[in-house]
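# Fold and geometry: a report
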Amino acid sequence: MASDLQNRMFAELDDKEPLEAAKQCAFDYLDKTQERRIYPSAADIEALRRLSTELPRGGVDAATIINDLHNQAARGCVNNIGGRYFGLVTGGVLPVALAARWLADAWDQNAPLFKTSPTAAIIEEICENWMRDLFGLPDGTVAGFVSGSSLAIFSGLAAARYRIFQNQGWDVNAKGLAGAPPVRIVSGRHAHATVVKAVALLGLGIDNVEWVDVDDQGRIMADRVPALDDKTILLLQAGNVNSGAFDDFASLCARADDAGAWTHVDGAFGLWAAASPRLQHLTAGMERARSWSVDAHKTLNTPYDGGIILCRDEEALNMALHAAGSYLVQSEDRDGMFYTPELSRRARAIEIWAALRYLGREGIDALVTGLHERAAQFAEELSAEGFNVLNDIVFNQILIGYGDDGDPAAFVKHIQDGGECWVGGATWEGRPVIRISVCSWATTPEDITRSVKAFVAARKAVAG
Ligand SMILES: *Cc1c(COP(=O)(O)O)cnc(C)c1O
């Protein structure tokens with residue numbers, strides 16, 4: 001006989017009341033995204049803190065839970081689909097991808113094996129094929145669906161580490177790093193923090209990185225890259241997190257490949273340039289790398305958390321992520337766990353499939369070039385207002401310098417507190433800068449003009 005608690009939940013499954021309530025609340029939230037502040041006010045965040053109570057002894061009914069989330073928790077949300085959030089590199093969710101995720105969540109799938117979810121396995125395989133094709137990657141490139149680029153980069157470097165040691169007769173899974181033969185890591189000084197973290201997590205040692213100087217856009221200086229060999233991991237990037245710049249793949253990937261080195265391309269947001277006929281000149285030559293990492297939750301505007309590791313050395317990726325060789329039972333089917341560090345996993349490829357299919361090749365091109373065009377507009381309008389644009393707008397990123405007399409922190413705070421738009425600060429060539437990332441499908445040319453007005457108002461306010 002079912003317990004009282006079970007009966008309560010069966011009743012909820014039956015009458016769908018919590019789900020209906022959540023749907024209504026979600027619709028209400030979405031209806032207000034165009035008028036909401038971009039960043040919550042101090043009062044909103046205060047309301048959020050009222051959620052903090054003792055864990056109840058007896059539990060609370062579902063209606064109260066959903067109601068509190070809507071009336072209190074949602075107040076602290078950052079309005080990513082309001083069109084004027086320009087922090088980090090944060091997309092705004094595509095409605096179809098959100099809908100697909102809702103549906104997939106109702107299916108409650110676990111994605112490690114074909115056996116645990118044929119749906120997840122087959123949809124991952126379709127996405128793998130589409131992405132290989134979209135990005136122009138070599139036949140045999142496989143994809144692992146992970147939480148984001150942090151884990152995708154980690155997975156790519158784990159595969160590189162496995163292969164480079166294996167080439168020297170050293171099984172790193174069995175023997176570890178103590179007494180291991182040498183491995184070299186070559187990287188531009190502007191490698192993303194998560195790349196550096198992966199180097200540390202894999203025991204390769206940040207101090208062992210051979211850092212190469214970068215040019216004024218943050219691109220690795222190809223002529224300063226040392227001689228490469230088959231003991232080397234070369235770290236490149238498609239999309240510098242500040243300037244949006246792309247490394248010179250055409251010369252470097254070929255050079256590394258010819259030398260037997262392993263190139264990993266961190267393309268968290270920028271790899272999508274390869275899927276756009278109008279921007280794919282930026283990634284020309286990157287197909288000769290061995291692994292690439294990319295996020296769907298950035299440029300493609302799918303829900304979090306959707307990162308992808310793409311690797312053309314399937315065996316290295318499998319062996320790196322599944323240390324026990326006997327685990328690798330040959331199967332007719334695609335088992336996603338062999339391409340990711342995790343075992344249990346959300347079937348996150350479902351919303352990626354939905355976004356790709358919804359947009360098609362033309363829609364992806366339109367999305368990606370739209371971000372670029374609005375970034376160019378932003379830079380142009382800011383320049384016209386006398387702001388100092390520091391970078392070439394090759395993709396979606398803009399860096400703004402301060403005059404010598406400006407107070408950068410006060411300026412950024414004024415913009416953030418105003419709620420009209422949100423931008424963050426960063427350091428560029430040793431100087432504080434304002435960093436703008438245009439990454440949401442929902443940003444219109446009017447949003448850009450409105451945001452430029454917020455910049456002008458902030459400058460005036462800070463000047464006194
Ligand atoms: C965002 C980003 C990362 C990290 O990606 P997550 O999905 O946040 O883990 C790595 N590299 C670059 C260039 C990024 O923009």
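Residues numbered from 1 in each chain as written. Predicted model: local features only at pLDDT ≥ 70, side-chain atom pairs only at ≥ 80, totals over all residues. Heavy atoms only, no water.

### Here's the deal with the pattern of salt bridges
- Applying the stated criterion across every chain, the model contains 30 salt bridges.
- For E315, the salt bridge is made with R163, and the minimal N-O distance between the two is 2.9 Å. Note that E315 is positioned in helix α11 (residues 314–321) and R163 in helix α7 (residues 149–167), a separation of 152 residues in sequence.
- Classification of E315 by relative accessible area gives partly exposed; the value is 47%.
- Between R219 and D215 there is a salt bridge, with the nearest N and O atoms lying 2.8 Å from each other. (Salt bridge = Lys/Arg side-chain N within 4 Å of Asp/Glu carboxyl O. Helix = DSSP H or I, 4+ residues; strand = E, 2+ residues; numbered from the N terminus. Buried < 20%, exposed > 50% of the residue type's maximum accessible area, 1.4 Å probe, protein only.)

### Things to note about unusual backbone geometry
- The step from Y304 to D305 runs through a cis peptide bond, and the omega angle for that step is 0°.
- Structurally, D305 can be placed in the loop between β6 (291–295) and β7 (307–311).
- You will see that L88, though not glycine, has its phi angle at about 35°, which is positive.
- Along the chain, L88 falls in the loop between α4 (62–71) and α5 (95–107).
- L88 gets classed as exposed once you look at its relative accessible area, which sits at 59%.
- The phi dihedral of E429 is positive, around 50°, even though this residue is not glycine.
- With respect to the helices, strands and loops of the structure, E429 is situated in the loop between β10 (424–428) and β11 (431–437).

### Some words on the site of the ligand
- Neighbouring the ligand are 14 residues; S149, S150, D266, D295 and K298 lie closest to it.
- Between S150 and the ligand, the recorded distance is 2.6 Å, taken from a side-chain N or O atom to an oxygen atom.
- At a separation of 2.7 Å, an oxygen atom of the ligand approaches a polar side-chain atom of D295.
- For the ligand, whose accessible area on its own is 380 Å², the fraction buried by protein is 85%.
- With three residues, α7 is the largest single contributor of residues to the shell around the ligand.
- Split by residue class, the shell around the ligand holds four nonpolar, seven polar and three charged. (Near = heavy atom within 4 Å. Polar contact = N/O pair within 3.5 Å; in protein donor to acceptor, adjacent residues only side chain to side chain. Areas by Shrake-Rupley, 256 points an atom, 1.4 Å probe, with all protein chains shown as cover. Nonpolar A, V, L, I, M, F, W, Y, C, P; charged D, E, K, R; others polar.)

### Structural notes on the packing of helix α6 (residues 118–135) against helix α12 (residues 349–384)
- Two elements in contact, α6 and α12, have axes separated by 9 Å at closest approach and are oriented at 35°. Seen from above, α6 lies across α12 with left-handed handedness. Mapping the contact onto sequence places I123, E124, I126, C127, W130, M131, D133 and L134 in α6 and A349, I350, I352, W353, L356, R357, R361 and I364 in α12.
- Tallied by class, the residues present in the contact of α6 with α12 amount to twelve nonpolar, no polar and four charged. (Axes fitted to C-alpha atoms, helices over the stretch in contact; angles between N-to-C directions. Left-handed = near helix turned anticlockwise from the far one by under 90°. Contact = heavy atoms within 4.5 Å.)

### Side note on a nonpolar patch on the surface
- Judged by side-chain polarity, F27, L30 and W102 come together as a nonpolar surface patch covering roughly 250 Å² of accessible area.
- You can call W102 partly exposed: its relative accessible area is 38%. (Patch = residues over 30% accessible without salt bridge, like charges linked within 9 Å, V, L, I, M, F, W, Y side chains within 5 Å.)

### Digging into the domain arrangement of the chain
- We note that the domain assignment places domain 1 (8–78), domain 2 (100–355) and domain 3 (360–463) within the chain.
- Taking the mean C-alpha position of each, domain 1 and domain 3 sit 32 Å from one another. (Domains from an automatic or database assignment.)

### A word on the sheet that holds strand β9 (residues 397–401)
- Strand order in the open sheet formed by four strands is β8-β9-β11-β10, with antiparallel pairing between adjacent strands. With one partner strand each, in any of the chains shown, β8 (388–389) and β10 form the two edges of the open sheet.
- Sheet topology note: the β8/β9 ladder contains two bridges and is antiparallel. When the sheet's bridge partners are listed, N388 is paired in β9 with G401.
- On top of the sheet, α12 reaches β8, β9 and β11; it is set at about 15° to β9, its chief contact. (Pairing = 2+ DSSP bridges.)

### A closer look at the environment of G424
- Along the chain, G424 falls in strand β10.
- Overall, the relative accessible area of 12% leaves G424 in the buried class.
- Taking the C-alpha atoms as reference, G424 lies 5.5 Å from R435; in sequence the two are eleven residues apart.
- Excluding residues within four positions of it along the chain, G424 makes contact with V412, Q416, V433, I434 and R435.

### Some points on the pairing of β7
- In terms of residue burial, β7 counts as a mostly covered element, since five of its five residues are buried.
- Burial along β7 is two-sided: the face carrying G307, I309 and C311 and the face carrying I308 and L310 are both buried.
- Sheet topology places strand β1 (residues 142–146) next to β7; five bridges connect them, and they run antiparallel. Along β7, the bridge assignment pairs F145 with I308.
- Bridge analysis of β6 against β7 gives five bridges, and the strand direction is antiparallel. Looking across to β7, one finds that V294 is bridged to I308.

### Some points on the pairing of β11
- Most of β11 sits inside the fold, with five of its seven residues counted as buried.
- Strand direction decides the pairing type here: β10 and β11, joined by five bridges, are antiparallel. Paired with G424 across the bridge in β11 is R435.
- Here β10 hands over to β11 after two residues, with E429 in that stretch at a positive phi of 50°.

### Some points on helix α13 (residues 408–418)
- Inspection of α13 places F411, V412, I415 and Q416 among the buried residues, and these make up the whole buried set. For α13, the arc enclosing every buried residue in end-on projection is 130°, short of the 170-degree limit, so these residues lie on one face.
- Those residues of α13 that are buried lie in contact with β10, β11 and α14 (445–463).
- Count one or two residues on from α13 and you reach G419, which has phi positive near 80°. (Arc of directions from axis to C-beta.)

### Quick notes on the nonpolar core
- M131, F135, L271, W272, L300, I308 and L310 are the most contacted members of the largest nonpolar core, which has 59 residues in total.
- Those elements that provide at least two residues to this core are α5, α6, β1, β4 (232–237), α10 (249–259), β6, β7 and α12.
- Considering each element in turn, this core owes the most residues, ten residues, to α12.
- Two domains each donate at least three residues to this core, and these are domain 2 (100–355) and domain 3 (360–463).
- When near neighbours in sequence (up to four residues on either side) are disregarded, L300 contacts L94, W272, I352, A355, L356, L359 and L367.
- Counting residues in each nonpolar core, the second largest holds 34 residues, with L204, M319, M337 and F338 among its members. (Core = buried A, V, L, I, M, F, W, Y, C linked by side-chain atoms within 4.5 Å.)

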